[in-house]
Amino acid sequence: REIYQGRVDKGKMSAGEMESKMALIEPALTYDSFGDVDIVIEAVPEKMGIKKKVLAELEEVVPETAIFASNTSALSISEMAAATKRPGKVIGMHFFNPAHVMKLVEIIPGLETTQDTIDDVVMFTESLRKLAVVVQECPGFLVNRLLMPYLNEATYVLQEGAADATEIDEKLVEFGMPMGPFTLMDMLGIDVCQYVGEYLYSEYGARMEPAKFFYELVKAGRLGEKNAKGFYGYGDETDEPVKALLAELPKHPNSKFTVERLVYPMINEAILAAQEHIASIPDI
C-alpha cells in the first residue's frame, strides 16, 4: 500500500487503481488457497533446511503443473529441486533490492529444470516489466559474483587508510554508480555482505578473500541501516566508532585509491563468468 500510495501522491496512479490492485493481494497464514496456483516464489530465510521444508509443504497442496521459484541469492537450485518430486519445475528467480524498483531478475535453472519452465519464467518476468537474465548455476550466480570483489576492494581501500568512506562513495557516484559501495553495503546489511563474502571465498579462493573490516564492524554490532549504524551513522548514531576502529588497524603507506582499483576486479570476474558460460556476454 505504501508503494502504491507513493505512486498516487506523484500522480502516476489513481486512488481507484490503487484499491483495485490492493484487492488482488490476498494475505494468508495457511496454504488453503494454493490449490490452483501456477507459480510460487519463495523468499524465506537463506537456509537450505527451511527452503526444503517449505517446498515439501507446498508440494502437498499445489497442482502438479505449478512452478516453484526461489528468490535465493546464492543457494543451490539443484539441491532444492532434488528435495522435491518435480525437479523439472524448480528454478531460481532472484529479484534485487528494492524489488519494486530494480529491473533485473536473475533466472537460474537447476540441473534438471526443463526448457519449458525456463521459457515460462522468462515470459512471466518480462510480463512484470522486468529484465530477465538467464544465468547458469554457480556460487553467487552472476550479480553477487561480480559485486562482491568490488565491495571487498572498497573495504580494503578503507582499512588500508588510502581514502575514507565518503571520498570513495563520492568518486564512485561521480564515475556513474547509482550509489557508492559503502552506502550500498549499509543498505544490504554488513552481516549479509560478510556471509556472502565468506561463502564466495570458500568456493572461489584467494581472489574473493573478505576484508577483515567486515568482521570488525559485525563484531561491533554495526550492521548497516537496519540497526542505524554501519559504515555510516543514521539517526542519532555517528560514524565516530568506525573511525576509531580504523585507527587501530595497521596502515599501508603505499596503498592508493583509484576508481579503477574497485572496478577492474568486477571486470575480471565478468570475463571469468563469460569464459565459464555462466551467462551470455550481452547479458553480462
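Residues numbered from 1 in each chain as written. Predicted model: local features only at pLDDT ≥ 70, side-chain atom pairs only at ≥ 80, totals over all residues. Heavy atoms only, no water.

A.B. asks: Just give me the short version of the overall build of the protein, but keep the residues and values in it.
C.D. replies: Looking only at helices and strands, the protein has 12 helices and 5 strands in total. Here the protein has a C-alpha radius of gyration of 21 Å; the compact-globule value for 284 residues is 19 Å, and the two agree. In terms of its C-alpha atoms, the protein occupies a principal-axis envelope of roughly 65 × 45 × 35 Å. Within the protein, the fraction of its 284 residues that count as buried is 43%. Partitioning the contacts of the protein with sequence separation of at least 6, the portion at a separation of at least 24 is 66%. Each charge class in the protein can be summarised by its mean position, and for the 27 positive and 45 negative side chains these summaries are 2 Å apart. (Helix = DSSP H or I, 4+ residues; strand = E, 2+ residues; numbered from the N terminus. Rg over C-alpha atoms; globule rule 2.2 N^0.38 Å. Buried < 20%, exposed > 50% of the residue type's maximum accessible area, 1.4 Å probe, protein only. Contact = heavy atoms within 4.5 Å. Lys, Arg positive; Asp, Glu negative; His and termini not counted. Charge placed at Lys NZ, Arg CZ, Asp CG, Glu CD.)

A.B. asks: Let's hear about the pairing of strand E5 (residues 131–134): which residues, and what values?
C.D. replies: Across a regular strand the side chains alternate sides, sitting on one face of the sheet and then on the other. As paired strands, strand E4 (residues 104–109) and E5 are joined by 4 bridges and run parallel to one another. Across the sheet, Val-105 pairs through a bridge with Ala-132, a residue of E5. The parallel pair E4 and E5 is bridged by helix H5 (residues 115–127), and the resulting crossover is right-handed. (Pairing = 2+ DSSP bridges. Right-handed = clockwise from strand over helix to strand, strands pointing away.)

A.B. asks: Before we move on, could you go through the side chain of Arg-222 and cite the residues and values that matter?
C.D. replies: Relative to the assigned elements, Arg-222 resides in the loop between helix H10 (212–219) and helix H11 (240–247). For Arg-222, the contacting residues outside a window of four places in its chain are Ile-190, Leu-217, Asn-227, Lys-229, Gly-230, Tyr-232, Gly-233, Thr-238, Asp-239, Pro-241 and Val-242.

A.B. asks: Lay out the pairing of strand E2 (residues 67–70) in plain terms, naming residues and giving numbers.
C.D. replies: The alternating pattern of E2 places Ile-67 and Ala-69 and Phe-68 and Ser-70 on opposite faces, both of which are buried. Of the pairings in the sheet, the one linking strand E1 (residues 39–42) to E2 comprises 4 bridges and is parallel in character. Considered in E2, the bridge of Val-40 is made with Phe-68. Between the parallel pair E1 and E2, the chain is carried across by helix H3 (residues 48–61), and the sense of this crossover is right-handed. Viewed along the sheet, the connection from E2 through helix H4 (residues 77–82) into strand E3 (residues 90–95) turns out right-handed.

A.B. asks: Go over the packing of helix H6 (residues 143–159) against helix H8 (residues 181–188) with me, naming the residues and quoting the values.
C.D. replies: For the pair H6 and H8, the least separation of the axes is 10 Å and the interaxial angle reads 115 degrees. Judged by the inter-axis angle, H6 sits roughly perpendicular to H8. Where H6 crosses over H8, the two elements pack in a sense that is left-handed. Every residue of H8 that contacts H6 at Leu-147, Tyr-150, Leu-151, Ala-154, Thr-155 and Leu-158 is listed here: Pro-181, Phe-182, Leu-184, Met-185 and Leu-188. Among the residues making up the contact of H6 with H8, the classes are represented as 10 nonpolar, 1 polar and no charged. (Axes fitted to C-alpha atoms, helices over the stretch in contact; angles between N-to-C directions. Parallel < 35°, antiparallel > 145°, perpendicular 65-115°, else oblique. Left-handed = near helix turned anticlockwise from the far one by under 90°. Nonpolar A, V, L, I, M, F, W, Y, C, P; charged D, E, K, R; others polar.)

A.B. asks: I'd like a description of the state of the cysteines, backed by residues and values.
C.D. replies: Enumeration according to the criterion identifies 0 disulfides in this entry. Cysteine Cys-138 is unpaired, with the sulfur of Cys-193 as its nearest cysteine sulfur at 18 Å. (Disulfide = S-S within 2.5 Å.)

A.B. asks: Residues and numbers for the side chain of Gln-159, please.
C.D. replies: Of note, Gln-159 is situated in helix H6. A polar side-chain atom of Gln-159 sits 3.4 Å from the main-chain amide nitrogen of Lys-212. Leave out the neighbours within four places in its chain, and Gln-159 touches Ala-211, Lys-212, Phe-213, Leu-246, Leu-249, Pro-250 and Lys-251. (Polar contact = N/O pair within 3.5 Å; in protein donor to acceptor, adjacent residues only side chain to side chain.)

Note that all results are geometric; they support no functional claim without further evidence.
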